Amino acid sequence: MAKAHSPLLRTFGKRWLKPLTLAVLLAPLVYLCADWISAVNGGPHDLGFNPIQTTHHFLGETAIRVLLATLAVSPLRDITGWAPLALVRRRIGLAAFFYALLHLLVYVGLDLQWSMPDLIKDVVKRTYITFGMAALVLMLPLALTSTNGMIRRLGHKTWDRVHWLIFPLAILALIHHFFAEKGLQPGPVIHAAILILLLGWRLARWGLARLRPEPVAAS
Amino acid sequence: MEFRRNPDYEDLQGEVTPESLFLDRRRMMTAAGVLGAGSILGALPACSEPQQATAVAPGAKPAAGTHPAPGASLTAKKTSYAVADQLASEDAVTGYNNFYEFGTDKSDPARYADKMTVSPWSISVEGETDKPGAYGVKDLVDYAKLEERVYRHRCVEAWSMVVPWVGVPMADVIAKLKPKATAKFVQFETYLNRKEMPGVRLPVLSWPYVEGLRMDEAMNELAFMAVGVYGKALPKQNGAPIRTVLPWKYGFKATKSIVKIRFMEKQPATAWNKAGANEYGFYSNVNPDVDHPRWSQSSERVIGGKGFNERRKTDMFNGYSAQVSKLYAGMDLKKNF
């Protein structure tokens, strides 16, 4: 399936894709920090009148969007045939974990004031928080096994099996967002539509591959 | 209709448009929109209800029945209904709003409410009443008797603000509308206009927004009809020209930009209850012991103060037990949430 690409694109893939992706992934955090620095110094900011909640929601939504971006990498690579895309999948996935972790920290630290009993109560009692926590906990093995060393140690098969967890955890994360909002809000619905598209694409490919006769058998 | 409340009434008698014509004109103006209204106003200056400066003939004087435009300064006497805590900043009160007709983000109402036509304004009074009909804001609210009440506003989303409302007791308004003895409930309905309200394109709630109260709740001393906030006529995002304020209930029980008041024998349907009956009950009294199914109601974040939103413990009935707990004597408030 290797396609010929222009030398310019090849250079871009080799030299610029990774740093550029990193910059895009860090942009929301930089924006948020700049807002807080301005707010603390009495300057203009976009944090609104409930800065903690704004921060909390912003980090959560960013985590979900970056998670969806992670899931979009493979379909995009398959459609475009541009292999370098696979090089940035890990950093996108790690960024999703990173934003989800910050989202949790803001909630536990700024909202619950580090009260562990309150946290346990919330996780047990509030279904949407249970779902969100489950999603984050499932991200942990993925983040920990993301290094080259771990891939080698686990072997591709086991590693693939572990990282298959991204599908259920993405669904959990979206359910979490859906029920965190009051009423039927557009954000979670749009995210759900994207996730259905991304999972549907994989399901369709998998289905087609099973229907089609094996190339080896055909020859 | 009670035009008599207007002090200018006697002077204007000679030139006042007959009521039937006035009501027709009001309908026509609503249909024709503000621009169309300009020409009609020219023909009937005595009763003009200009909304925007551009629609007013040069030199035309606001005539009988015109309620103050959003932001116009109001005179109100101070009352003992005053929470001692620090007021939320005016920016927060007018910039952090839930008015889903304009969008679900807290900043959407301030951003989009500008397009809403708030004058002329007609409130349809229906149902179990001896005085059904179309009323103007000034027919319901005596602007000479405005009072200021500093209430704590507690949102079901677990935040609160201390807000200086300007208006009149709801009981005074209801007295003018002469509900029949059969009226056990009152329902309020919010203005709905697809062109002026971008939020109603999405089915977040079933529009129009409706809310309701038991009659004895509506007649309680705390129930308030606000036409202003911070000493000025209500900004559009806060529910201009007239809204309810019910400080012992979660904020969504209040109705903004009221166009209909209906007296009913049976408990009316309410917007959030229709959207989620297990989460938003008919009563929705502030109660720290009854959690929202998805979050705790035991504390609230204070909005619009100095610093970054400290939390305070939520009080039963939002701190208004003395005035309202008698309304619910003997009721299981966990069941009737």
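Structure: see above.
About the thresholds
Residues numbered from 1 in each chain as written. Chains lettered and ligands numbered in written order. Predicted model: local features only at pLDDT ≥ 70, side-chain atom pairs only at ≥ 80, totals over all residues. Heavy atoms only, no water. Helix = DSSP H or I, 4+ residues; strand = E, 2+ residues; numbered from the N terminus. Buried < 20%, exposed > 50% of the residue type's maximum accessible area, 1.4 Å probe, protein only. Contact = heavy atoms within 4.5 Å. Areas by Shrake-Rupley, 256 points an atom, 1.4 Å probe, with all protein chains shown as cover. Salt bridge = Lys/Arg side-chain N within 4 Å of Asp/Glu carboxyl O. Pairing = 2+ DSSP bridges. Axes fitted to C-alpha atoms, helices over the stretch in contact; angles between N-to-C directions. Patch = residues over 30% accessible without salt bridge, like charges linked within 9 Å, V, L, I, M, F, W, Y side chains within 5 Å. Buried area = accessible area lost by both parts, 1.4 Å probe. Polar contact = N/O pair within 3.5 Å; in protein donor to acceptor, adjacent residues only side chain to side chain. Nonpolar A, V, L, I, M, F, W, Y, C, P; charged D, E, K, R; others polar. Phe/Tyr/Trp six-rings, centres within 6.5 Å; stacked < 30°, edge-to-face > 60°. Lys NZ or Arg CZ within 6 Å of the ring centre and 35° of its normal.

Visitor: When you look at the overall build of chain B in this model, what are you seeing that I'm missing?
Guide: Looking only at helices and strands, chain B has nine helices and 13 strands in total. Put simply, chain B has 337 residues, and 58% of those count as buried. Sequence-distant contacts, at least 24 apart, represent 71% of the contacts inside chain B between residues at least 6 apart. Working note: accessible area of chain B is about 14300 Å², and carbon and sulfur atoms make up 54% of it.

Visitor: How should I be thinking about the pattern of salt bridges in this particular structure?
Guide: Where charged atoms from two side chains of opposite charge approach closely, those side chains can pair. Summed over the entire model, instances satisfying the criterion amount to 25 salt bridges over all chains. Put simply, Arg301(B) and Asp111(A) hold a salt bridge, and the shortest N to O gap is 2.6 Å. Separated into two different chains, Arg301(B) in strand E12 (residues 299–302) and Asp111(A) in helix H3 (residues 89–111) make up a pair that spans both. Ionic pairing is found between Glu148(B) and Lys78(B), a salt bridge with its closest N-O pair at 2.9 Å. Remark: Lys78(B) occurs in strand E1 (residues 77–82) and Glu148(B) occurs in strand E4 (residues 147–155); sequence separation between them is 70 residues. When its relative accessible area of 66% is taken as the criterion, Lys78(B) is described as exposed.

Visitor: What exactly am I supposed to notice about the sheet that holds strand E11 (residues 258–264) of chain B here?
Guide: The strands making up a sheet associate through hydrogen bonds between their backbones, and the pairing can be parallel or antiparallel. All names here are of chain B. The strand order across the open sheet formed by five strands is E3-E2-E11-E6-E7, and the pairing between neighbours is mixed. Across the chains shown, the open sheet's two edge strands, defined by having one partner strand only, are strand E3 (133–135) and strand E7 (210–214). Between one strand axis and the next, the sheet turns by 20° as a mean value, whatever way the strands run. Taken strand by strand, helix H6 (residues 170–177) contacts strand E2 (123–127), E3, strand E6 (185–190), E7 and E11, and its axis lies near 70° from that of E11.

Visitor: Mind showing me how you'd approach unusual backbone geometry here?
Guide: With the exception of glycine, most residues fall at negative phi, and the peptide bonds are largely trans. Between Trp207(B) and the following residue, Pro208(B), the backbone shows a cis peptide bond with an omega angle of -5°. Structurally, Pro208(B) can be placed in the loop between E6 and E7. Note the cis peptide between Ala240(B) and Pro241(B), where omega equals -5°. Structurally, Pro241(B) is set in the loop between strand E9 (232–233) and strand E10 (243–245). The phi torsion at Trp114(A) lies on the positive side, around 60°, for a residue other than glycine. Relative to the assigned elements, Trp114(A) resides in the loop between H3 and helix H4 (116–125). Among the residues examined, Trp114(A) registers a relative accessible area of 54% and is labelled exposed.

Visitor: Can you help me understand a nonpolar patch on the surface in this one?
Guide: Residues and elements named next belong to chain A. Side chains of Leu101, Leu105, Trp114, Met116, Ile120 and Val124 sit close together on the surface and give an oily, nonpolar patch of about 610 Å² of accessible area. Those elements giving two or more residues to the nonpolar patch turn out to be H3 and H4. If you tally residues by element for the nonpolar patch, the top one is H4, at three residues. Checked against the element boundaries, Leu105 lands in helix H3.

Visitor: Explanation requested: the interface of chain A and chain B in the structure shown.
Guide: The parts lose accessible area when they come together, and the size of an interface is often stated as this lost area. Taken together, the 20 residues of chain A in the interface contact 27 residues of chain B. Where chain A abuts chain B, roughly 2000 Å² becomes buried across the two surfaces, and 52% of that area is made up of carbon and sulfur atoms. Taken together, the links from chain A to chain B amount to four salt bridges. Counting the contacts that link chain A with chain B gives eight residue pairs in polar contact (both at pLDDT 80 or more). Secondary structure elements with two or more residues in the side of chain A that touches chain B: helix H1 (7–40), helix H2 (51–80) and helix H7 (166–180) of chain A. Residue composition of the side of chain A that touches chain B, by class: eleven nonpolar, four polar and five charged.

Visitor: Teacher, can you tell me more about the packing of aromatic side chains here?
Guide: By convention here, two paired aromatic rings are described through the distance between centres and the angle between planes. All names here are of chain B. Following the criterion strictly, the structure yields 20 aromatic pairs over all chains and no others. Centre to centre, the rings of Tyr81 and Tyr151 are 6.5 Å apart; their planes meet at 75°, and the pair counts as edge-to-face. Of this pair, Tyr81 sits in strand E1 while Tyr151 sits in strand E4, and the two are 70 residues apart along the sequence. No difference in accessibility class separates Tyr81 from Tyr151, as the two residues are buried. Each member of the aromatic cluster is reached from another via a ring pair, and the members are Phe185, Phe282, Tyr283, Phe317 and Tyr328. It is Arg149 that lies over the ring of Tyr81; its NZ or CZ is 3.9 Å from the centre.

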